[in-house]
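Summary of the model geometry
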Amino acid sequence: MVGTFYGVRLPDSSAAEIGTLAKNFAFEPMSIAMPAGFDKQEVRKVNKAYQHIEAWISSVGAAIAINDLDGDGLDNDLCVNDVRIDQAVVTPAPTRKDKYAPFALNPAPLGTSKTMAPMGCMPGDYNEDGRMDLLVYYWGRTPVVFVNKGEKGKPLTAASFTPTELLPGKSGATYTGPLWNSNAAAVADFDGDGHNDILIGNYFPDSPVLDPSKDGDVTMNDSLSHAQNGGGAHIFRWTKDGYEKVDAALPQNLNKGWSLGASAADLDGDRLPELFLAHDFGTSALLYNNSTPGKIKFSEVKAVHNGTVPKSKELGRSSFKGMGVDFGDLNNDGLYDMFVSNITTSFGIQESNFAFIDTADSRSEVQARLKEGEAPFKDRSTDLKLAWSGWGWDVKTGDFDNNGDLEITQALGFVKGKNNRWPQLQELATANDALVSNPFWWPNVKHGDDLAGSQRMRFFAKDAGTGEYHNLSVALGIGEPVPTRGLATGDVDGDGRLDLAVARQWGEPIFLHNVAKNPGAYLGLNLTHPDGAPVVGAEVCVELPDGTKRITRLDGGGGHSGKRSTDVHLGLGKDVRGPVPAMVTWRDRAGQIHEQKLKLTPGWHSLELGTEVKEK
């Protein structure tokens, strides 16, 4: 029995390993200002059919984004979804000296209702005027684009933003449109026409989830491992006359998943971003981009089936509960890898996270294999000590000490309370799929119940010697036992150190100011079109003095409910003193692909990407 215990116990990090790595990092926790005047709640009002699982239904919605909304040149503005007041709030980063009063984004005069709640906030220049707008997606209505009309140099106010429907419908003070229940969003130029498109991923199908006057007309997932009755994904293509909803862009068998996360990155170098959909209840997928200008089309790719790898850990066949995803080059081979959050709670539901590492030797090989329907990725989460953490949600990679290796931050935890509901949930996990779609058969998860409620967010850092990752969150003082949801990264004060903002479910959001004492050199790039909008999808590859390369892209927004800033940040290590060779690749507004070699000194640069690079 003793031998079995040591053989099956989860890998752990020693105090020495944690202590050595933790010396490279330091964060100052800071409070985020929120507006007064709103009634606070501790649980949401829900459809009568969901009342016995009201805490489960109330377990999402905390979200956060970092960006430059007022045009002062710094990513020192936040958009926070606070579930305690069910408002999307614009607020200054706590490091700002010229603070403005936080305010809520009000969709009126567009239609509103008492049965809607914001779930995410995604910055983007949706009308291409050089100012960052905000797209807010909800449960209980379709998304709203808050167009930024604020004047540069003046404090932001609620009047700075004009609400506009993403999906036009009936007008009126009371919302009467489709009852979308959205939990994921991603922005990228999917069809390669030089303009950004929008993906919205819905969780529940269109239904009155948050309407306490209704009893029924709602459902739960029709399977715990391959549910196909969710809200699915919707893609909006940019046109000169506004966004146009696209049908049949995604494979039919994947368009009814329960969406919790989405992210896009160009994996094969053709300047068309691939898309990963993280679906709860086991229908996550990697989609290869077959689009042409004006026509968006994706096809599914899967890992080659291998008799030595469990199907549940193969890309495209996993039955795990995908909760969040991010792309990043974890092994510094110039190819993007993926980290996918799942539920990984010991003695609860023990799946595993995925660290899908690209196994190809080159971008051209990636392209050839993707065209054949093969995803050249293998899960190495166990080898890297990333497999098990807890009830995972959002994930963001970033180089917080600028040493050239990506760290991984992961939000964890579900429902915090006093009554342990794990036994009942484990019974549900063994239930027949024919029962689980009916909310009646779900065990109680009410206000005051607990499921993974004391789990702590993770901050994984790599040991350069072994390549293994170790969790430093407790050692760094940022691992409070509070459920977290959204993670956003950005350099809010322009000092070259990535900061981290965290949205907590039914708790105060927190800002973690990066105050590392001795970080390495860095390259920070503000990449814009001539019209001032971020060049979403632009890629930067830097060659370091040792001959290795670092690659990243300008992320238009993705993940679960956290959105990183629309800048490029690369850690260069402590040995870099002078300029480094960099290759910048992008599409211009006409959809033409350009690449240009540059020599860039460490620090921040503002580059205008038209037909060539111009430093501003």
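Residues numbered from 1 in each chain as written. Predicted model: local features only at pLDDT ≥ 70, side-chain atom pairs only at ≥ 80, totals over all residues. Heavy atoms only, no water.

**Structural notes on the nonpolar core**
Side chains that are nonpolar tend, in soluble globular proteins, to be buried together. Ranked by internal contacts, the top residues of the largest apolar core, which has 70 residues, are Trp 56, Ile 57, Ile 198 and Trp 391. Aside from chain neighbours lying at most four places away, what touches Trp 56 is Met 220, Trp 391, Phe 414, Leu 425, Trp 442, Val 445 and Leu 451. (Core = buried A, V, L, I, M, F, W, Y, C linked by side-chain atoms within 4.5 Å. Buried < 20%, exposed > 50% of the residue type's maximum accessible area, 1.4 Å probe, protein only. Contact = heavy atoms within 4.5 Å.)

**Description of helix α4 (residues 363–371)**
For α4, the set of buried residues is Arg 363, Val 366 and Leu 370. With its buried residues spanning 55 degrees around the axis, α4 presents them on a single face. With respect to the buried face of α4, the exposed residues turned more than 90 degrees away are Ser 364 and Lys 371. In this fold, the buried residues of α4 make contact with β15 (274–280), β16 (285–289), β17 (298–301), β20 (354–358), β32 (539–543) and β33 (549–553). (Helix = DSSP H or I, 4+ residues; strand = E, 2+ residues; numbered from the N terminus. Arc of directions from axis to C-beta.)

**Some thoughts on a nonpolar patch on the surface**
There is a patch of nonpolar side chains on the surface, built from Leu 435, Phe 440 and Trp 441 and spanning about 360 Å² of accessible area. As for its placement among the helices and strands, Leu 435 is situated in helix α6 (residues 433–436). Residue Leu 435 is classed as partly exposed on the basis of its relative accessible area, which comes to 37%. (Patch = residues over 30% accessible without salt bridge, like charges linked within 9 Å, V, L, I, M, F, W, Y side chains within 5 Å. Areas by Shrake-Rupley, 256 points an atom, 1.4 Å probe, with all protein chains shown as cover. Salt bridge = Lys/Arg side-chain N within 4 Å of Asp/Glu carboxyl O.)

**Overview of the environment of Ser 299**
Along the polypeptide, Ser 299 turns up in strand β17. With a relative accessible area of 26%, Ser 299 lands in the partly exposed category. Considered as a pair, Ser 299 and Ala 249 are 50 residues apart in the sequence and their alpha carbons are 8.7 Å apart. In contact with Ser 299, other than residues within four places in its own chain, are Pro 251, Leu 286, Leu 287, Tyr 288 and Asn 290. A polar side-chain atom of Ser 299 sits 2.8 Å from a polar atom in the side chain of Asn 290. (Polar contact = N/O pair within 3.5 Å; in protein donor to acceptor, adjacent residues only side chain to side chain.)

**Focus: the sheet that holds strand β37 (residues 593–600)**
The antiparallel open sheet is built from 4 strands, whose spatial order is β33-β32-β36-β37. For this open sheet the edge positions go to β33 and β37, each flanked by a neighbour on one side alone. Taken pair by pair, the neighbouring strands of this sheet meet at an average axis angle of 15 degrees, ignoring direction. The pairing of strand β36 (residues 580–587) with β37 spans 8 bridges and is antiparallel. Among the inter-strand pairings, Met 583 is bridged to a residue of β37, identified as Lys 597. (Pairing = 2+ DSSP bridges. Axes fitted to C-alpha atoms, helices over the stretch in contact; angles between N-to-C directions.)

**Regarding the UniProt feature "domain: ASPIC/UnbV" (unreviewed entry) in the chain**
On the UniProt side, "domain: ASPIC/UnbV" (unreviewed entry) is annotated at positions that read residues 536–593 here. Secondary structure within residues 536–593 divides into 0% helix and 47% strand; the distance between the first and last C-alpha atoms comes to 13 Å. (UniProt positions renumbered as here; feature names shortened; annotations may be inferred.)

**What to know about the environment of Tyr 336**
As for its placement among the helices and strands, Tyr 336 is situated in the loop between β18 (324–328) and β19 (337–341). Look at Tyr 336 and you get buried, because its relative accessible area is 2%. Separated by 41 residues in the primary sequence, Tyr 336 and Phe 377 have C-alpha atoms spaced 10.0 Å apart. In this structure Tyr 336 touches Asp 266, Leu 267, Phe 327, Gly 328, Asp 329, Asp 358, Arg 363, Phe 377, Glu 539, Ile 551, Thr 552 and Arg 553, once residues within four positions along its chain are discounted. Polar side-chain contacts of Tyr 336 include one of 3.1 Å to the side chain of Glu 539. At a separation of 3.4 Å, a polar atom in the side chain of Tyr 336 contacts the main-chain carbonyl oxygen of Thr 552.

**Focus on the pattern of salt bridges**
For the coordinates displayed, the defined rule picks out 32 salt bridges. Across the pair Glu 351 and Lys 321 runs a salt bridge whose closest N-O atoms are separated by 2.7 Å. Taken together, the positions of Glu 351 in the loop between β19 and β20 and Lys 321 in the loop between β17 and β18 put the pair 30 residues apart, joining distant regions of the chain. Across this residue pair, the class does not change: Glu 351 and Lys 321 are buried. A salt bridge links Asp 383 to Arg 380; the nearest nitrogen and oxygen atoms lie 3.7 Å apart. Judged by relative accessible area, which is 49%, Asp 383 ranks as partly exposed. If you follow the salt bridges from partner to partner, you end up with Asp 70, Asp 72, Asp 77, Arg 96 and Asp 98 in one network.

**A short note on the side chain of His 279**
Structurally, the position occupied by His 279 is in strand β15. Classification of His 279 as buried rests on a relative accessible area of 1%. Here Ser 259 takes part through its side chain, which lies 3.4 Å from a polar atom of the side chain of His 279. Among all residues touching His 279, those that are not within four sequence positions of it are Leu 254, Gly 257, Trp 258, Ser 259, Ser 284, Phe 320, Lys 321 and Gly 322.

**Side note on the state of the cysteines**
Within this structure, the stated rule accounts for 1 disulfide. Two residues, Cys 79 and Cys 121, share a disulfide whose sulfurs are 2.0 Å apart. Classification of the bridge connecting Cys 79 and Cys 121 rests on its S-S torsion, roughly 100 degrees, and on that basis the disulfide is right-handed. Pair noted here: Cys 79 is in strand β3 (residues 77–82) and Cys 121 is in strand β6 (residues 117–124), with a separation of 42 residues, a long-range link. Take Cys 79: its relative accessible area is 2%, and that puts it in the buried class. Residue classification places Cys 121 among the buried residues on the basis of a relative accessible area of 2%. (Disulfide = S-S within 2.5 Å.)

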